[in-house]
Amino acid sequence: MYRILILFALVACSGASPTPTGTTCADPDPITGTTTLTWDNFGHDFMFKYCTNCHSSTLPNSKRNGAPIYHDFDTLLGVLEVPDHIDEQTGWGPKAENNFMPGGGTNNRCPSVAGGSLDEDCPEPTGEERTNLAQWIACERLRSHDGSGSGSAN
Amino acid sequence: MRMASRIGVVIAVGLIASAAHADHHGMAMMGAADEPTEFDASVNLVAASYNTLTEAGDYEGILPSVGWRHDRYGVGASMGLYRIMLNGLDERGIGDLMVHADATVYSHEHTTAGVMMMVSVPTGEEIYGLGMGHPMVMPSLYGTWSAGRVTVNASAGFSRAIAQMEAGHDHGVWPLVEPMNMSEISWGAGCDVALGSGVHGTVRAGGGIPVGLIGHERVIGAARVGWGSGRVDTAVEVQTGLVGDPFTIRGLVETALHF
């Protein structure tokens, strides 16, 4: 019985799991549109460089290479649907450095075009980009948005 | 055949687990032993399509299982091997290992009742919907009542992940191949009718009610036809999700061999 309990403890504790980065936004959010991370100056380019070949609202289910439905990052509003997931799987912060995405679940293979086959190694965000992602998410989720699906409001 | 040889046959065919999943529970309960000591080896073939909150696709699997029963006590284990299409991603892998032990605590002319403890080990890949990602503990109670050709059975239990659960972190029921909540009351009820010549017809329902944290209620309905000859029992079952989105439709074919 003792060995069984040890086995269960090992299984339960093994493997890297999605972890909130603990990143917080400065209060007040010093948004300026030029010096602070926004969808327009950071989020859009990050998502279209690393994510939207699978995580896009334009892709049918059969072309998502496993990306969950409603996890679409081709618009700001799509990002704001699941900010915790993004932070926990890709962001770096004081409490965690998450490297699961991109490439998690596909052996680090990604499509080179939206909806394509897994034909190349996934582009890898730098540590700075992952840190910025967590910081942007932490602030962007607190901002008001106009519902247009693009751009940051104030 | 000597007992050791029988065990060897079981191992050789790779039947390492009994039908011990939440929504297969009703099927497992129908296979009662006729002898004081009995080994069972079975294989379930499963195919399903699903369309959940965030995932859509289909899967097929083969689920070997073994069980041993002596008098009032039984143990068993099972593990599935799956191919799953997950939002366009084609993956293959094993599911969670399920082990269980049960004991009949009351047996009278028409009525039996017992307890079961089921535990899952997270051997399946969570990200592909093949595993829960956490060990699960699933104690339950079951009872049967028979009269003539009819047997009615029911079960109820509590399922709980051995893991820290965050409020508001909702992935729906999981894993895709055996959906359940991380904390839920699971239940099942069925009615079996002996149709003659070893043929049985069964209708049953089962499901889960989330407890505590966020979750999703689910109910499945199933119809089954089984037939037996000698040491071999075979059954075909069709299931459908009635509440929630455990799956759209799922078919099972089970063949069990009793030693």
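Here we summarise the structure given alongside this text.

Cut-offs applied
Residues numbered from 1 in each chain as written. Chains lettered and ligands numbered in written order. Predicted model: local features only at pLDDT ≥ 70, side-chain atom pairs only at ≥ 80, totals over all residues. Helix = DSSP H or I, 4+ residues; strand = E, 2+ residues; numbered from the N terminus. Buried ≥ 20, exposed ≤ 12 C-beta atoms within 10 Å, placed from the backbone. Expected span 1.5 Å × (residues − 1). Arc of directions from axis to C-beta. Contact = placed C-beta atoms within 7 Å. Pairing = 2+ DSSP bridges. Nonpolar A, V, L, I, M, F, W, Y, C, P; charged D, E, K, R; others polar.

### Structural notes on the overall build of chain B
From N to C terminus, chain B includes 2 helices and 14 strands. Expressed as a percentage of the 259 residues in chain B, the buried residues total 47%.

### A look at helix α2 (residues 39–50) of chain A
Residue and element names in this part refer to chain A. The first and last C-alpha atoms of α2 sit only 14 Å apart over 12 residues, clearly below the 16 Å expected at 1.5 Å per residue. Of all the residues in α2, the buried ones are W39, G43, H44, F46, M47 and Y50. Taken down its axis, α2 places every buried residue within 165° of arc, on the same side. Contacts made by the buried residues of α2 are with α3 (76–81) and α5 (127–140).

### What to know about the pairing of strand β6 (residues 97–107) of chain B
Residue and element names in this part refer to chain B. The pairing of strand β3 (residues 73–78) with β6 spans 6 bridges and is classified as antiparallel. Paired with Y73 across the bridge in β6 is A103. In the sheet, β6 pairs with strand β7 (residues 111–121) via 10 bridges, with the strands oriented antiparallel. Residue pairing across strands places A101 opposite M117, the latter belonging to β7. The turn joining β6 and β7, which pair antiparallel and follow one another in sequence, is formed by 3 residues.

### Describing the interface of chain A and chain B
At the junction of the two partners, chain A supplies 17 residues and chain B supplies 15 residues. Looking at side-chain class alone, the side of chain A that touches chain B contains 7 nonpolar, 8 polar and 2 charged residues.

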